[in-house]
Amino acid sequence: MKFIVIGITDQSNPWFPPEVMEIIQQGKVFSGGKRHHEIVAPLLPSDATWIDITVPLDDVFEQYKLKANSQKPTAPFIVFASGDPLFFGFANTIKRKMPDAEIVVYATFNSLQMLAHRLVMPYHDMHIVSLTGRPWQEFDKALIEHTEKIGILTDKEHTPAAIAQRMIDYGYRWYQMHVGEHLGNPTEEKVSTLTLEEAIQKTFAHPNCVIIEANSQQLTAKSYFGIPDNEFTLLDGRERMITKMPIRLLTLQALDLPKKKVLWDIGFCTGSISIEAKLQFPHLQIESFEIRPECEAIIQENARHFCTPGINIHMGDFLETDISVLSKPDAVFIGGHGGKLKEIMKKVLTVLTPDGCIVMNSVKAPKVTTDSHQLWDEACQELGLIQESSMRIIIDEHHPIEILKCKR
């Protein structure tokens, strides 16, 4: 099968070079979104067949296959797509769905390029994030890394106002926002430059795109390598209910997070492990679990204080939580187990990736009736897990702590 993918803007009377016009005039089967059809309909042959690109995309590609099988010789499918079809575009989808298909691309400027052109803004140093049908993760990563210029592809959920609100919620107030609406449409195009506070008050026409840029003179967020313990909001003000900073960093080292993708923090309490991990390794997807309801407000307060978006919080008993819908972890930290360590580890093993690891810190306290290290040893033996060498450390006047690690 052959696809000719033609990039277009939102201009109601598009212009194409002679080579592309000849392809359109000789075409038989065309495809694109409903808006694309409205734009190019006057240019299509009278006997043209049109296939709408709508979700689910599997149905669209099934139509392509049926059409290809019904016509001999097979005519190329001429697909219209917004901007550059290889820039988070439909040509990439064809390559993924039909890797053997022949693809020819005729691109035009993508929306972020057009917005930069309108602003006369150099964009060679712009970091691109797509939120079109995607979660916040890559955007959160760019913020945590203090990226100075970010181009954002939006959708009807991740609107400019929603983006601005998220940035304000997590303390990223030193950016200004540029919004381009209906770029390429001479009658509806609009470009605005706003503060984040102004952006959350507005409703923007769709389609739109966003560029945010930092005022480097106001870039005030702290950078940490080991967050001071006294900066966290604690559970009932109890200092012992937090993983101390040196232990925290050694725990992250044991989890081998530079090589991991998904971290589960079971028993997060104040959220210190989750927050430190996200700040040091912004690429991580973090799922955090806690049974004590009062801890939800605490982790949210700490995440906002340390400008740390992107931690997914799950409240309730871990053993009763539906984990089948979550991304499988390749790193798991058990910060609390309530005497049910073996049961928790057994449940974790149902989803842990083959190269995943589990880490726990065991406190050697004389008044503790349940020896967590003994529970760990018993669980590892019963579940057939391989233990790595533990690390023993003492911080100030506190009792010795052992950092325990196991794998399959």
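Bear in mind the structure is a predicted one, so any value in this text is a computation, not a measurement. (Residues numbered from 1 in each chain as written. Predicted model: local features only at pLDDT ≥ 70, side-chain atom pairs only at ≥ 80, totals over all residues. Heavy atoms only, no water.)

## Re the overall build of the protein chain
Along its length, the protein chain carries 13 helices and 18 strands. Counting only C-alpha atoms and orienting by the principal axes, one finds that the protein chain spans roughly 85 × 50 × 30 Å. The 408 residues of the protein chain split such that 50% are buried. In the protein chain, once contacts between residues fewer than 6 apart in sequence are set aside, the share between residues at least 24 apart is 68%. Accessible area of the protein chain: about 20,100 Å², with a carbon and sulfur share of 50%. (Helix = DSSP H or I, 4+ residues; strand = E, 2+ residues; numbered from the N terminus. Buried < 20%, exposed > 50% of the residue type's maximum accessible area, 1.4 Å probe, protein only. Contact = heavy atoms within 4.5 Å. Areas by Shrake-Rupley, 256 points an atom, 1.4 Å probe, with all protein chains shown as cover.)

## As for the nonpolar core
Ranked by internal contacts, the top residues of the largest apolar core, which has 58 residues, are Phe139 and Ile212. Leaving out residues up to four positions away in the same chain, Phe139 has contacts with Val129, Leu131, Ile152, Ile163, Met167 and Ile212. Phe318, Ile323, Cys380 and Leu385 belong to the second largest nonpolar core, which has 24 residues in total. (Core = buried A, V, L, I, M, F, W, Y, C linked by side-chain atoms within 4.5 Å.)

## With respect to the sheet that holds strand 9 (residues 190–195)
Ordered by their spatial adjacency, five strands build an open sheet running 6-7-10-8-9, and the pairing between neighbours is mixed. Edge strands, defined here as strands with exactly one partner in the open sheet, are strand 6 (127–130) and strand 9. With strand direction ignored, the average angle separating the axes of adjacent strands in the sheet is 20°. Against the sheet, helix 6 (residues 137–144) engages strand 6, strand 7 (149–153), strand 8 (175–181) and strand 10 (208–214), with an angle of about 150° to strand 6. (Pairing = 2+ DSSP bridges. Axes fitted to C-alpha atoms, helices over the stretch in contact; angles between N-to-C directions.)

## Digging into the side chain of Thr154
Its location among the elements puts Thr154 in the loop between strand 7 and helix 7 (160–169). Looking at Thr154, its side chain comes within polar contact range of the side chain of Asn208, at 2.7 Å. (Polar contact = N/O pair within 3.5 Å; in protein donor to acceptor, adjacent residues only side chain to side chain.)

## Describing helix 9 (residues 245–255)
Within helix 9, burial applies to Ile247, Arg248, Thr251, Leu252, Ala254 and Leu255. Buried residues along helix 9 cover an arc of 160° about the axis, so they all sit on one side. At its buried positions, helix 9 is contacted by strand 11 (262–266), helix 10 (272–280), strand 14 (331–334), strand 15 (357–363), strand 17 (391–393) and strand 18 (401–407). Directly after helix 9, the chain includes Asp256, whose backbone phi takes a positive value near 55°. (Arc of directions from axis to C-beta.)

## Quick word on helix 12 (residues 341–349)
What helix 12 keeps buried is the set Leu341, Ile344, Met345, Lys347, Val348 and Leu349. Residues of helix 12 that are buried sit in contact with strand 11, strand 14, strand 15, helix 13 (372–383) and strand 18.

## Observations concerning the sheet that holds strand 3 (residues 49–52)
Judged by pairing direction, the sheet is parallel, and its five strands sit side by side in the order 3-2-4-1-5 without closing on themselves. Of all the strands in the sheet, just strand 3 and strand 5 (102–106) have a single pairing partner and so form its edges. With strand direction ignored, the average angle separating the axes of adjacent strands in the sheet is 25°. Pairing between strand 1 (residues 2–8) and strand 5: five bridges, direction parallel. Paired with Ile6 across the bridge in strand 5 is Tyr106. This element, helix 4 (residues 90–97), spans strand 1, strand 4 (77–82) and strand 5 of the sheet and lies at about 175° to strand 5.

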